[in-house]
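Listed here are the chains, written in short residue letters.
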Amino acid sequence: MSSPLEQALAVMVGTFHKYSGQEGDKFKLSKAEMKELLHKELPSFVGEKVDEEGLKKLMGDLDENSDDEVDFQEYAVFLALVTIMCNDFFQGAPGRP
């Protein structure tokens, strides 16, 4: 049986490949694939509608090699940043040391 952290890693990898295979390069997320991933997998972060300007900026910030797509390494950086933001947010939560 895998640990919760191992399960979380499998979900992160599986989620990337669930969306990356829909169009074009099956190992990269296009802007449309990233938009769908954000909308369906992180609804609490993006709300009911993904902001197009925000998505454009996010894609530009993540896209280190300027190919207009997000590869797995760039996606992993995104997840790390979101995880850091969550940690920072919950450090200020009541009941935390």
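Criteria and cut-off values
- Residues numbered from 1 in each chain as written.
- Predicted model: local features only at pLDDT ≥ 70, side-chain atom pairs only at ≥ 80, totals over all residues.
- Heavy atoms only, no water.
- Phe/Tyr/Trp six-rings, centres within 6.5 Å; stacked < 30°, edge-to-face > 60°.
- Helix = DSSP H or I, 4+ residues; strand = E, 2+ residues; numbered from the N terminus.
- Buried < 20%, exposed > 50% of the residue type's maximum accessible area, 1.4 Å probe, protein only.
- Contact = heavy atoms within 4.5 Å.
- pLDDT = per-residue confidence, 0-100.
- Salt bridge = Lys/Arg side-chain N within 4 Å of Asp/Glu carboxyl O.
- Core = buried A, V, L, I, M, F, W, Y, C linked by side-chain atoms within 4.5 Å.
- Patch = residues over 30% accessible without salt bridge, like charges linked within 9 Å, V, L, I, M, F, W, Y side chains within 5 Å.
- Areas by Shrake-Rupley, 256 points an atom, 1.4 Å probe, with all protein chains shown as cover.

1. Remarks on the packing of aromatic side chains
And then number 1: Counted by the stated rule, this structure contains 4 aromatic pairs.
And then number 2: Aromatic pair F16 and F72: ring centres 5.1 Å apart, planes at 90°, arrangement edge-to-face. Here F16, found in helix α1 (residues 4-20), pairs with F72, found in helix α5 (residues 72-91); they are 56 residues apart in sequence, far enough to count as distant.
And then number 3: Taking relative accessible area as the criterion, F72 reaches 32% and is therefore assigned partly exposed.
And then number 4: For the ring pair F72 and Y75, a centre distance of 5.6 Å and an interplane angle of 50° mean the geometry is tilted. Of this pair, F72 and Y75 both sit in helix α5, 3 residues apart, which is roughly one turn of the helix.
And then number 5: A connected cluster of aromatic rings, assembled from ring pairs, spans F16, F72 and Y75.

2. Examining the side chain of S20
And then number 1: Here S20 lies in helix α1.
And then number 2: Of the residues examined, S20 reaches a relative accessible area of 0% and is grouped as buried.
And then number 3: When residues no more than four places from it in sequence are discounted, the contact partners of S20 are D25, K26, F27, K28, L29 and E33.

3. Let's talk about the confidence of the model for the protein
And then number 1: Chain-level statistics for the protein give a pLDDT mean of 90 and a share of 96% at 70 or above.
And then number 2: Mean pLDDT across the elements of the protein ranges from a minimum in helix α3 (residues 43-46), with 88, to a maximum in α1, with 97.

4. Things to note about the pattern of salt bridges
And then number 1: For the structure on display, the rule yields 6 salt bridges.
And then number 2: For K35, the salt bridge identified is with E52, shortest N-O distance 2.4 Å. Here K35 is found in helix α2 (residues 31-41), whereas its partner E52 is found in helix α4 (residues 52-62), with 17 residues between them in sequence.
And then number 3: On the accessibility criterion, K35 (32% relative accessible area) is partly exposed.
And then number 4: We note a salt bridge from K40 to E36, for which the minimum N-O separation is 2.8 Å. Taken as a pair, K40 and E36 lie in helix α2 at a separation of 4 residues, close to a single helical turn.
And then number 5: Connected through shared salt-bridge partners, K31, K35 and E52 make up one network.

5. Looking at the nonpolar core
And then number 1: Among the nonpolar cores identified, the biggest contains 16 residues, and L29, M34, L38, L55, V70, Y75 and F78 are the most heavily contacted of them.
And then number 2: It is α5 that contributes the most residues to this core, 4 residues altogether.
And then number 3: If we ignore the near neighbours within four places in the chain, the residues touching V70 are F16, K28, L29, M59, L62 and Y75.

6. Focus on a nonpolar patch on the surface
And then number 1: Nonpolar side chains collect at one region of the surface, where L5, L9 and M12 lie side by side and expose about 280 Å² of accessible area between them.
And then number 2: Turning to its location among the elements, L9 is positioned in helix α1.

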